[in-house]
Amino acid sequence: MRDNSARWLAPGDPESISVALATRFSQVYNYDPEGVWFAPGRANLNGEHIDFHGGRCLPMALRHGTYVAAAPRTDGVLRLRTLDPSLDSGIVEIHDAAAQPTPAGTPSWTTYVSGVLWALAQLKDEHPEIELHRGTGADLLIRSTLPIGGGLSSSASLECAAALAFVAIGTPLGAENHGDDLTRALTDSLRAVLAQVCVKAEVEAVGAGTGGLDQTTSLRAAEGKLVSLDCRDFTVKRTDIAFLLRDYRFLAVDTGHPHQLADGRFSARRAEAEAAASALGVNRLRDALPEKPKKSDVELTLDEFDRALEAGADLGGLDAGSCRRRLKHALTEMLRSEKIHRILNGDAHGVDNTADLVGDLMSAGHASMKENAEVSFALADQVVDTVVQAGASGARLIGGGFGGSVLVLVPRSRMEDITSAASRLSPDVRFLEVVPSPAARAV
């Protein structure tokens with residue numbers, strides 16, 4: 001049952017949004033777009049701040065996401081406009097966008113798009129089917145149904161929608177395939193390449209330390225499936241969770257406090273964890289744990305880190321206590337991901353037991369985000385405490401932190417109680433239904 005007093009952010013009907021966006025494109029640019037492409041946001045059941053450490057993440061794509069209407073240009077010029085009222089400043093024009101990842105004097109959000117065009121151009125001869133034609137540019141019009149900065153991957157959604165548009169209008173694969181045909185022609189291996197293109201754009205052009213979780217989910221998710229993503233090699237296992245969703249639902253609570261991953265705090269957390277990895281003598285923290293880690297393995301690794309500090313390990317001037325807390329979060333988060341992966345792939349008996357086990361691990365993950373990663377904030381903590389008291393099986397902060405959304409596992413019978421209780425915490429709180437959804441595609 002849906003609480004009518006709660007504020008819900010609907011995903012909208014894709015076909016209607018596509019038609020309206022194409023019409024608006026024609027009004028803005030005075031000619032028709034070649035097509036409209038969509039890439040979803042994501043909610044992550046577990047695995048925050050560990051994708052760049054090679055850990056396992058457990059995301060699912062949303063029905064909410066970013067739509068891009070686009071048409072090709074052959075003069076290397078990128079013109080783009082967003083319909084988001086908080087960001088819209090009219091048409092932004094970038095010359096020779098494929099050659100410069102960070103054009104000067106343009107709004108910061110545009111770099112998520114120009115950076116993708118630049119990163120695609122860097123592929124050169126590696127993947128000739130998606131190599132950009134010389135002089136590729138584009139006119140783009142953008143609309144998102146995601147809360148900006150809500151921790152639901154609005155930035156990666158924009159990158160991935162733009163990537164699909166650029167492939168469609170500026171590569172041999174796009175010339176040979178249109179609409180649904182292009183969606184089918186983009187094999188999982190090519191989608192994996194595009195995900196890394198988008199990661200390169202965000203890391204090198206935008207300057208945010210993403211590890212690939214968001215982009216992989218947006219481009220490689222599947223309807224009705226939880227994606228179990230092993231970030232050591234970016235292999236995925238898609239797990240059907242319909243059995244859980246018969247009596248339970250996932251709910252995202254947008255706190256209304258947006259985050260900014262490029263403001264330095266997220267990168268600082270990553271740097272502290274990487275300093276701990278260096279002290280342990282491993283390239284990635286996942287390599288500090290065995291293939292099937294246990295709690296005792298986490299404790300042994302923390303002890304090893306302490307011994308390394310006593311022996312004079314160099315943390316590059318970073319605070320030892322902070323590095324240890326980031327290490328503890330990463331290791332325990334990896335352990336939680338492996339446990340949930342096993343639970344959802346047959347190690348639990350009965351839906352009720354599954355929900356209890358998963359919910360407990362979600363809440364434990366939030367405690368670690370608060371105490372060890374130190375990326376939570378007061379309203380998120382209040383939401384978690386409140387929804388659990390109101391009957392939720394579990395809840396946790398998702399995304400990079402310092403703002404954003406809380407993911408909640410809700411018994412269907414308690415939905416109204418939970419949304420009512422969370423709504424009373426702040427007038428800015430909104431809710432999104434989290435339904436495991438298909439990957440990026442033509443609309």
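Residues numbered from 1 in each chain as written. Predicted model: local features only at pLDDT ≥ 70, side-chain atom pairs only at ≥ 80, totals over all residues. Heavy atoms only, no water.

Colleague: How do you make sense of the overall build of the protein chain when you look at a structure like this?
Modeller: Tallying secondary structure elements over the protein chain gives 14 helices and 13 strands in all. Relative to a compact globule of 443 residues, whose C-alpha radius of gyration would be 22 Å, the protein chain shows 22 Å and is just as compact. Judged by the C-alpha coordinates and their principal axes, the protein chain covers about 60 × 55 × 40 Å. By the burial criterion, 60% of the 443 residues in the protein chain qualify as buried. Sequence separation of at least 24 residues holds for 74% of the intrachain contacts in the protein chain that already meet a minimum separation of 6. When the accessible surface of the protein chain is summed, it comes to about 17000 Å², and 47% of that surface belongs to carbon and sulfur atoms. Charged side chains of the protein chain number 45 positive and 58 negative; the gap between the two group centres comes to 3 Å. (Helix = DSSP H or I, 4+ residues; strand = E, 2+ residues; numbered from the N terminus. Rg over C-alpha atoms; globule rule 2.2 N^0.38 Å. Buried < 20%, exposed > 50% of the residue type's maximum accessible area, 1.4 Å probe, protein only. Contact = heavy atoms within 4.5 Å. Areas by Shrake-Rupley, 256 points an atom, 1.4 Å probe, with all protein chains shown as cover. Lys, Arg positive; Asp, Glu negative; His and termini not counted. Charge placed at Lys NZ, Arg CZ, Asp CG, Glu CD.)

Colleague: Which parts of the structure should I look at to understand the pattern of salt bridges?
Modeller: Note on pairing: side chains with opposite charge can pair once their charged atoms come close. All told, the structure shown has 24 salt bridges when counted by the stated rule. With a shortest N-O distance of 2.5 Å, arginine 249 and glutamate 433 are connected by a salt bridge. Here glutamate 433 lies in strand 12 (residues 430-434) and arginine 249 lies in strand 9 (residues 248-254), a separation of 184 residues in the sequence. On the basis of relative accessibility, which here comes to 18%, the residue arginine 249 falls in the buried class. Across the pair glutamate 338 and arginine 286 runs a salt bridge, and its minimum N-O distance is 4.0 Å. Taken together, the residues glutamate 338 in helix 11 (residues 320-347) and arginine 286 in the loop between helix 9 (265-280) and helix 10 (295-310) connect sequence positions 52 residues apart. Assessed through its relative accessible area of 8%, glutamate 338 is described here as buried. (Salt bridge = Lys/Arg side-chain N within 4 Å of Asp/Glu carboxyl O.)

Colleague: Explain the nonpolar core here, please?
Modeller: Soluble globular proteins tend to pack their nonpolar side chains together in the buried interior. Trp37, Leu78, Val113, Leu140 and Phe166 are the most contacted members of the largest nonpolar core, which totals 49 residues. Those elements giving two or more residues to this core turn out to be strand 1 (35-44), strand 3 (59-73), strand 4 (78-82), strand 5 (92-94), helix 2 (111-121), strand 6 (137-144), helix 3 (154-170) and helix 6 (188-206). If we skip the residues at most four places from it in the chain, leucine 140 touches Phe25, Tyr29, Val68, Ala69, Ala70, Leu78, Arg79, Leu80, Arg81, Val113 and Phe166. Core analysis: the second largest hydrophobic core is formed by 28 residues, Leu213, Ala273, Phe305 and Met334 among them. (Core = buried A, V, L, I, M, F, W, Y, C linked by side-chain atoms within 4.5 Å.)

Colleague: Got a minute to help me understand the side chain of serine 376 in this structure?
Modeller: Within the secondary structure, serine 376 sits in the loop between helix 12 (351-371) and helix 13 (378-389). Of the residues examined, serine 376 reaches a relative accessible area of 19% and is grouped as buried. There is a polar contact of 2.7 Å between the side chain of serine 376 and the side chain of aspartate 381. With residues near it in sequence (within four places) discarded, serine 376 still touches His366, Met369, Lys370, Asp381 and Leu397. (Polar contact = N/O pair within 3.5 Å; in protein donor to acceptor, adjacent residues only side chain to side chain.)

Colleague: Looking at this structure, how should I read the packing of helix 6 against helix 7 (residues 213-220)?
Modeller: Helix-helix packing is described using two parameters, namely the angle between the two axes and the distance between the axes. Helix 7 packs onto helix 6 with a crossing angle of 145° between their chain directions and a minimal axis gap of 9 Å. The element helix 6 and its partner helix 7 pack so that their crossing is right-handed. Across from Asp188, Arg191, Ala192, Leu194, Ala195, Cys198, Val199 and Glu202 in helix 6, the residues of helix 7 making contact are Gln215, Thr216, Leu219 and Arg220. Broken down by class, the residue content of the contact of helix 6 with helix 7 amounts to six nonpolar, two polar and four charged. (Axes fitted to C-alpha atoms, helices over the stretch in contact; angles between N-to-C directions. Left-handed = near helix turned anticlockwise from the far one by under 90°. Nonpolar A, V, L, I, M, F, W, Y, C, P; charged D, E, K, R; others polar.)

Colleague: Whenever I open this one, the layout of surface pockets confuses me. Can you help?
Modeller: A probe matching the size of a water molecule, rolled over the atoms, marks out where space remains unfilled. When its volume is computed, the largest pocket comes out at roughly 780 Å³. Taken together, 42 residues line the largest pocket, and the ones lying closest to its centre are Tyr112, Gly149, Ser154, Ser155 and His259. When residues of the lining of the largest pocket are traced back to their parent elements, those giving at least two are helix 2, strand 6, helix 3, helix 6 and helix 7. Split into classes, the residues belonging to the lining of the largest pocket amount to 15 nonpolar, 20 polar and seven charged. What the second largest pocket holds in volume is close to 290 Å³. As for the second largest pocket, its lining consists of 14 residues, and the residues nearest its centre are Ala98, Ala121, His133, Arg134 and Gly135. Its residues assigned to classes, the lining of the second largest pocket shows five nonpolar, five polar and four charged. (1 Å grid on protein atoms, 1.4 Å probe; cavity = no way out; pocket = protein on both sides within 12 Å on 5 of 7 lines; lining within 4 Å. Points joined across faces, edges and corners; volume = space filled by probe spheres on them.)

Colleague: Looking at this structure, I do not really get empty space enclosed by the protein. What am I missing?
Modeller: Per the counting criterion, the structure on display carries two cavities of 30 Å³ or more. Roughly 70 Å³ of volume is contained in the largest cavity. His49, Phe52, His53, Arg269, Arg270, Ala273, Arg326, His329, Ala330 and Ala373 are the residues that line the largest cavity. Elements that contribute at least two residues to the lining of the largest cavity include exactly helix 9 and helix 11. Tallied by class, the residues present in the lining of the largest cavity amount to four nonpolar, three polar and three charged.

Colleague: It is not clear to me how the pairing of strand 1 should be interpreted in this structure. Could you clarify?
Modeller: Regular strands have side chains that alternate between both faces of the sheet. The buried count for strand 1 comes to 10 of 10 residues, which makes it a mostly enclosed element. By the bridge criterion, two bridges tie strand 1 to strand 13 (residues 441-442) in an arrangement that is antiparallel. Across the sheet, the residue bridging to tryptophan 37 is alanine 442, located in strand 13. (Pairing = 2+ DSSP bridges.)

Colleague: Can you help me understand the environment of leucine 315 in this one?
Modeller: You can see leucine 315 is positioned in the loop between helix 10 and helix 11. Among the residues examined, leucine 315 registers a relative accessible area of 9% and is labelled buried. Put simply, leucine 315 and valine 193 are 122 residues apart on the chain and 33 Å apart in space, counted from C-alpha to C-alpha. Dropping the residues within four chain positions of it, leucine 315 is found in contact with Ala275, Ala276, Ala279, Phe305, Leu309, Ala320 and Cys323.

Interpretation in functional terms is not warranted from these geometric data alone.
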